[in-house]
Amino acid sequence: MMMANDIRPEPSAKTGERLLDVKGLTIEIDTRNGPATIVDGIDLHVNKGETLGIVGESGCGKSLTMLSMMRLLPNKIKVTKGEANFAGRDLQKMSNSDLRKVRGGDVGFIFQDPMTSLNPVMRIGQQLAEPLIYHRGMSKAEARKRAGELLKLVGIPGAEDRLDAYPHELSGGMRQRVMIAIGLACNPQLLIADEPTTALDVTIQAQIVDLVKDLRDKLGMSVVWITHDLALIAGLVDRINVLYAGTVVEDAPVDALFANPSHPYTQGLLASIPKLSDERSTRLSSIGGTPPEPGRRPKGCPFAPRCPLAEAICHERVPSLEGLGQNGAHRVACFVAQRKLEAA
Amino acid sequence: MSVVPMPGTAAEIEPPVSLWRDAWHRLRRNKLAVFGLAVVVILAFTALFGPYLTPYDFLSQDLNSRNLAPSLSHLFGTDDLGRDVFSRVVYGTRTAFLVAIVVTFIAVVIGVTLGALAGFFGGWLDRIVMWLTDMTMSIPNLLLVVVINASLKSPITSWMESRYLATLNPVYRETIWVDFLLVFGSMALISWPPYARLVRAQVLSIRSRPYITAAQALGLTNRIILMRYVVPNALGPLIVAVSAGLGTAMVLESAFSFLGVGVNPPTPSWGNMISDGLRVWQHYPHLLAAPAAVLGLASVAFSFLGDGLNDALNPRGAK
Ligand SMILES: Nc1ncnc2c1ncn2[C@@H]1O[C@H](COP(=O)(O)OP(=O)(O)O)[C@@H](O)[C@H]1O
Ligand code: SF4
Ligand SMILES: [Mg+2]
């Protein structure tokens, strides 16, 4: 498969034109013992044309951050602070009807589980047509024609014949392609893919990554790809944000992150990438323990209880995300990493 | 780009039709469901047209031919007043359908409304509805009905009589429909809780399914999500319940008749025929067997049809 990256226009990462800009977003859940913080004042952004990878173990708050931006949180979970600006407008303050135009129209979503994210009693052609009719005002016939084109675009064989299939008649990989087609139906400026390959076989995972890469280059959109598998997205993304316990602990261009992982958690993630001969594993073999549960966040650095390098200060103060080196494109939230760099 | 081979071919996929047409195709492949449907259709036809086609009037008595065993001239024999049992069973079909449809309709309207509101809004509304449901279900059904009938029937009837004497308005003279009102009303009153529970559970579970979040992420309106995503997915189990509920209502009417609070004679109902037949079944078994067999057949047919409809409405195949 050809690397389409070469022909792609230079992402405007350097011009810093932000398509998505999340500032200080805090998410809380109502528990029996009162509200507990799940995501703690997260900052993140995506530039126009850029592909951002968000990496972190399960339970770090990756999905909830994305859902909360679009105000799609389940009942007991709420955004208590912060803003999420899309193309300069705060999605948190937008009216419901404006927000509906952004959802599906400007921002496409692909969810983790293609088995349960499609309506089981609706033919896939109709599920594809729904956003086209609603956002683009197409007639049923136009929408059906476009739906067929979309299925072809995502590489479904016999695309037109598949329009009348129900989700259960397709394999997992095919269903995820359908989900991608639905996410792309209205030519969104931003595609958010939340672990879209976790439920799929390893060989299919790579195909889906390649497909999205291909489509991104064809359609020129920005992408946020969430995963706990760093290796999978190495060839796809421009920049990576490493998430831990609802905060960004490291933010770096993909090459810099692999060449010089600075946060102990990132180092642990990279060390746990299985060798080709190994079984696929989502466990962090080199870091013991699990992320803190909501309501049990430690004082100080959230990673301190698991961190091999933790010092006294780590249990007292929260490290902020600071730029390393001259241009500051590589940022890390760790006292030890920051000090090492200053010393160097 | 490489492409995964697909199981099956395009030829396997049927031409574009609606969910309902698909359901019909699947229903026809299910033998039990087809049997149930056939019986239900025949019974419904009987309820509509049967009374005009029977060889005898259901009321006409022939005291020279009482308690006759089944024969060619009286297929199900005759009863103690010499009335043709076949004609009475046929007319009873109409009563059974009337009771079942009216009762189930009222129960479904109450149950679906309360259940959907409870499931959708939750909170105190949910608690009140669930409390009402549990209350209603915890009172023994037949007791409730007997109490309602005993306590309401005579005051309403005597109130109507006094109104009639005072106003001479003919509306107040006919008290038969008070019977029906009480029978239907009290049966509906004990029949709605299962529908409320079912719909509440369905709404709750469907609301948290990923495809609902996915539909919201597509920017679809709540109305579209409710009509195309929630309702069709909730429909299967409700249809099963309604279909089985029609059969249950017919059985319930018999139980009421047995307790003397059902549809009043001389209007034939399977229920009052069965309860009459029970008194003499040792001597004239056909008086019990004919209505009981038809009631059993109807109840089984509705339940087969309901199961078949559920499978048919659910393209996943499994329940
Ligand atoms: N519907 C929910 N109800 C209660 N807690 C939830 C719910 N969804 C997520 N959480 C909690 O919020 C935290 C973050 O979840 P999530 O954003 O799904 O993590 P990730 O996507 O990184 O795996 C987890 O600790 C999880 O237990
Ligand atoms: S700040 Fe301290 S505890 Fe946190 S990651 Fe760095 S060294 Fe570890
Ligand atoms: Mg997730």
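Residues numbered from 1 in each chain as written. Chains lettered and ligands numbered in written order. Predicted model: local features only at pLDDT ≥ 70, side-chain atom pairs only at ≥ 80, totals over all residues. Heavy atoms only, no water.

### Overview of the sheet that holds strand 1 (residues 18-31) of chain A
Residues and elements named next belong to chain A. The antiparallel open sheet is built from 4 strands, whose spatial order is 2-1-4-5. The open sheet has two free edges, formed respectively by strand 2 (34-47) and strand 5 (89-90), since each of these has just one partner strand. Across 8 bridges, strand 1 lies against strand 4 (residues 77-86) in antiparallel orientation. Bridge pairing in strand 4 places Leu 20 opposite Phe 86. (Pairing = 2+ DSSP bridges. Helix = DSSP H or I, 4+ residues; strand = E, 2+ residues; numbered from the N terminus.)

### Some details on the pairing of strand 2 of chain A
The pairing of strand 1 of chain A with strand 2 of chain A spans 10 bridges and is antiparallel. Residue pairing in the sheet places Glu 28 of chain A in a bridge with Thr 37 of chain A of strand 2 of chain A.

### Looking at the packing of helix 3 (residues 85-121) of chain B against helix 4 (residues 123-138) of chain B
Residues and elements named next belong to chain B. Here helix 3 crosses helix 4 at 145°, and the two axes come no closer than 7 Å. At the point where helix 3 passes helix 4, the crossing takes the left-handed sense. For the pair formed by helix 3 and helix 4, the contact residues are Leu 114, Leu 117, Ala 118 and Phe 121 on the first element and Gly 123, Leu 125, Asp 126 and Val 129 on the second. Here the residues of the contact of helix 3 with helix 4 are counted per class, giving 6 nonpolar, 1 polar and 1 charged. (Axes fitted to C-alpha atoms, helices over the stretch in contact; angles between N-to-C directions. Left-handed = near helix turned anticlockwise from the far one by under 90°. Contact = heavy atoms within 4.5 Å. Nonpolar A, V, L, I, M, F, W, Y, C, P; charged D, E, K, R; others polar.)

### Brief notes about the nonpolar core
A general trend in soluble globular proteins is that nonpolar side chains are found buried together. Among the nonpolar cores identified, the biggest contains 111 residues, and Phe 109, Leu 151, Ile 180, Leu 190, Trp 225 and Tyr 265 of chain A are the most heavily contacted of them. Among the elements that make up this core, the one with the highest residue count is helix 6 (residues 172-184) of chain A (7 residues). Ignoring any residue separated from it by four or fewer positions in sequence, one finds Ile 180 of chain A in contact with Ile 110, Val 154, Ile 208, Leu 211, Val 212 and Leu 215 of chain A. If you look at the next biggest cluster of nonpolar residues, it comprises 41 residues, including Val 39, Val 40, Val 183 and Leu 288 of chain B. (Core = buried A, V, L, I, M, F, W, Y, C linked by side-chain atoms within 4.5 Å. Buried < 20%, exposed > 50% of the residue type's maximum accessible area, 1.4 Å probe, protein only.)

### Describing the confidence of the model for chain B
All names here are of chain B. On average, residues of chain B score 80 in pLDDT, and 88% of them are at 70 or above. Looking over chain B, one finds the lowest element-wise mean pLDDT in helix 1 (residues 19-28), namely 78, and the highest in helix 7 (residues 210-217), namely 94. For residues 1-17, every residue scores under 50 in pLDDT, and the model assigns this stretch 33 contacts once sequence neighbours within four places are set aside. Across the predicted assembly, pTM comes out at 0.75 and ipTM at 0.87. (pLDDT = per-residue confidence, 0-100.)

### Considerations on the side chain of Glu 250 of chain A
Residues and elements named next belong to chain A. Assignment of secondary structure puts Glu 250 in strand 10 (residues 247-253). No salt bridge is formed by the buried Glu 250. Its closest oppositely charged neighbour is Arg 331, at 10 Å. Within the local environment of Glu 250, its side chain forms a polar contact with the side chain of Thr 266, the two groups lying 2.7 Å apart. (Lys, Arg positive; Asp, Glu negative; His and termini not counted. Salt bridge = Lys/Arg side-chain N within 4 Å of Asp/Glu carboxyl O. Polar contact = N/O pair within 3.5 Å; in protein donor to acceptor, adjacent residues only side chain to side chain.)

### Some words on the pattern of salt bridges
All names here are of chain A. This structure, assessed with the given rule, holds 22 salt bridges over all chains. We note a salt bridge from Glu 195 to Lys 62, for which the minimum N-O separation is 3.7 Å. Of this pair, Glu 195 sits in the loop between strand 7 (190-194) and helix 7 (202-219) while Lys 62 sits in helix 1 (residues 62-69); the two residues are 133 residues apart in sequence, bridging distant segments of the chain. Here the salt bridges do not stand alone but share partners, grouping Glu 50, Arg 239, Asp 251 and Arg 331 into one network.

### A closer look at the site of ligand 2
The environment of ligand 2 is made up of 13 residues, and the closest members are Cys 301, Cys 307, Cys 314, Cys 334 and Phe 335 of chain A. Of the residues contributing to the shell around ligand 2, the split by class is 12 nonpolar, 1 polar and no charged. (Near = heavy atom within 4 Å.)

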